[in-house]
Amino acid sequence: MKTVEIRRNILGTIKGTVTRGRQVARKLGFPTANLQVEAIEGEFRLGVYGVTARYQGNQYEGVMNAGIRPTFTELQPVVHYEVHLLNFDQSIYGARLEVDVCFFVRDEMKFPRVDQLTRQIAKDVQNVQKRFELLNSAEVEVHLTDFAFGKLCEDVYGINRGVYNTIETSLYARGLTHIMKRRKAVLSFLEYLTFQKGVKRTSQIKFGNGGLTANLQEFCQSHLGEW
């Protein structure tokens, strides 16, 4: 999906040339650009990321896997960087891509069956699409009044004002003192709950004893560097 370029805080940048791989991801329904890496700015643990890629002057959103493909045990355990561009169907072998790594999604996993991997990739794509929608819309939403922003979180994610205040206070204590960045983090945390933890959007999210604190801690360990 081609997008208007919005420069955000990023985790790092990877530059490389697209090479022809074994087309395993294409057979699963998610063709990827396999990068022969020329330069890496930043450190990335093995896993899945939301990225934007620049190609021929345009910017495209995508999903990147940085990993050794553990589900396919017959392959050599070498780290590969593979980018699935959203809603993109051009052949770009030999092209040079500059990939900005925007946010972390999950750690790399080994699946007992290929169909389980395929379902997880579909979930990852949905997650990343939603996160980019959130980041794009957040440019407007974070400028709402305090009351309106809290009401947005309540209406869309089903959290009450007390939960919202707890999330906000926790993020502030962890160094997010800038209100706009903190609000983006609040929205990202709520999306994280929806997609990664399977928390449904209901009239009121139930966390249980210590559940909110535990989820916040896990989220911050993986995602706080994005802001």
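Reading the values: rules and limits
Residues numbered from 1 in each chain as written. Predicted model: local features only at pLDDT ≥ 70, side-chain atom pairs only at ≥ 80, totals over all residues. Heavy atoms only, no water. Buried < 20%, exposed > 50% of the residue type's maximum accessible area, 1.4 Å probe, protein only. Core = buried A, V, L, I, M, F, W, Y, C linked by side-chain atoms within 4.5 Å. Helix = DSSP H or I, 4+ residues; strand = E, 2+ residues; numbered from the N terminus. Contact = heavy atoms within 4.5 Å. Phe/Tyr/Trp six-rings, centres within 6.5 Å; stacked < 30°, edge-to-face > 60°. Lys NZ or Arg CZ within 6 Å of the ring centre and 35° of its normal. Axes fitted to C-alpha atoms, helices over the stretch in contact; angles between N-to-C directions. Parallel < 35°, antiparallel > 145°, perpendicular 65-115°, else oblique. Left-handed = near helix turned anticlockwise from the far one by under 90°. Expected span 1.5 Å × (residues − 1). Arc of directions from axis to C-beta. Salt bridge = Lys/Arg side-chain N within 4 Å of Asp/Glu carboxyl O. Polar contact = N/O pair within 3.5 Å; in protein donor to acceptor, adjacent residues only side chain to side chain.

Draft legend 1. The arrangement of unusual backbone geometry in detail. In this structure, Gln56 takes a positive phi of about 50° despite not being glycine. Overall, Gln56 belongs to the exposed group, its relative accessible area being 64%. Residue Asn87 is not a glycine yet carries a positive backbone phi of 55°. Its relative accessible area of 62% is what places Asn87 among the exposed residues.

Draft legend 2. Broad picture of the nonpolar core. Within the largest apolar cluster, 23 residues are counted, with the highest numbers of intra-cluster contacts made by Cys153, Ile167, Val186, Phe189 and Leu190. The element contributing the most residues to this core is helix H5 (residues 179-195), with seven residues. Contacts of Ile167, omitting those with residues within four sequence positions, involve Ile159, Val186, Phe189, Leu190, Leu212 and Leu216. With 22 residues, the next largest nonpolar core counts Leu35, Ile92, Val101 and Phe104 among its residues.

Draft legend 3. Structural context of the packing of aromatic side chains. Considering all chains together, one arrives at seven aromatic pairs under this definition. A ring pair is formed by Tyr55 and Phe88, whose centres lie 6.2 Å apart and whose planes are at 85°; its orientation type is edge-to-face. Here Tyr55 is found in strand E4 (residues 47-55), whereas its partner Phe88 is found in the loop between strand E6 (80-85) and strand E7 (96-107), with 33 residues between them in sequence. Residue Tyr55 is classed as buried on the basis of its relative accessible area of 9%. Grouped by ring-pair contacts, the aromatic residues Phe44, Tyr49 and Phe104 constitute a single cluster. For Arg20, the ring lying beneath its charged end belongs to Tyr93, and the centroid distance is 4.0 Å. The aromatic ring of Phe103 is capped on one face by Arg131, whose charged end is 4.1 Å from the ring centroid.

Draft legend 4. Expanded view of the packing of helix H4 (residues 161-173) against helix H6 (residues 211-223). Closest axis-to-axis distance for the H4/H6 pair is 11 Å, and the angle between their directions is 40°. As summarised for this structure, H4 and H6 are arranged oblique, according to the angle between their axes. As for the relative orientation of H4 and H6, their crossing is right-handed in sense. Seen from H4, the contacting residues are Val163, Thr166, Ile167, Ser170 and Leu171; seen from H6, they are Leu212, Leu216 and Cys220.

Draft legend 5. Looking closely at helix H3 (residues 146-157). With twelve residues, H3 extends 16 Å from end C-alpha to end C-alpha; this agrees with the ideal 16 Å at 1.5 Å per step. Within the span of H3, buried status applies to Phe149, Gly150, Leu152, Cys153 and Tyr157. The arc that holds every buried residue of H3, seen down its axis, measures 150°, which confines them to one face. Along H3, the residues that are exposed and aim more than 90 degrees away from the buried face are Phe147 and Asp155. One or two steps after H3, the chain reaches Gly158, where phi turns positive at roughly 75°.

Draft legend 6. Up close: the pattern of salt bridges. Applying the stated criterion across every chain, the model contains eleven salt bridges. Among the ionic pairs, Arg96 bridges to Glu38, the shortest N-O distance being 3.0 Å. With Arg96 in strand E7 and Glu38 in strand E3 (residues 33-41), the pair connects residues that are 58 residues apart, well separated along the chain. Arg96 gets classed as partly exposed once you look at its relative accessible area, which sits at 47%. Here Arg45 ties to Asp107 by a salt bridge, and the two come within 2.8 Å at their closest N and O atoms.

Draft legend 7. Highlighting H4. Over its 13 residues, H4 runs 18 Å from end to end, which matches the ideal 18 Å to within 8%, given 1.5 Å per residue. A distance of 3.1 Å separates the backbone nitrogen of Gly162 from a side-chain oxygen at the start of H4, and that oxygen is part of Asn160. Gly175 lies just past H4 and shows a positive phi near 110°.

Draft legend 8. Structural context of the environment of Met64. Mapped onto the secondary structure, Met64 falls in strand E5 (residues 58-67). Judged by its relative accessible area of 0%, Met64 falls in the buried class. Residues Met64 and Asn34 lie 30 residues apart in sequence; the distance between their C-alpha atoms is 9.7 Å. Those residues within four positions of Met64 in sequence are excluded, and the remaining contacts are Ile14, Gly47, Val48, Tyr49, Val51, Tyr81, Glu82, Val83 and Val101.

Interpretation note: all reported values are geometric properties and have no functional meaning in isolation.
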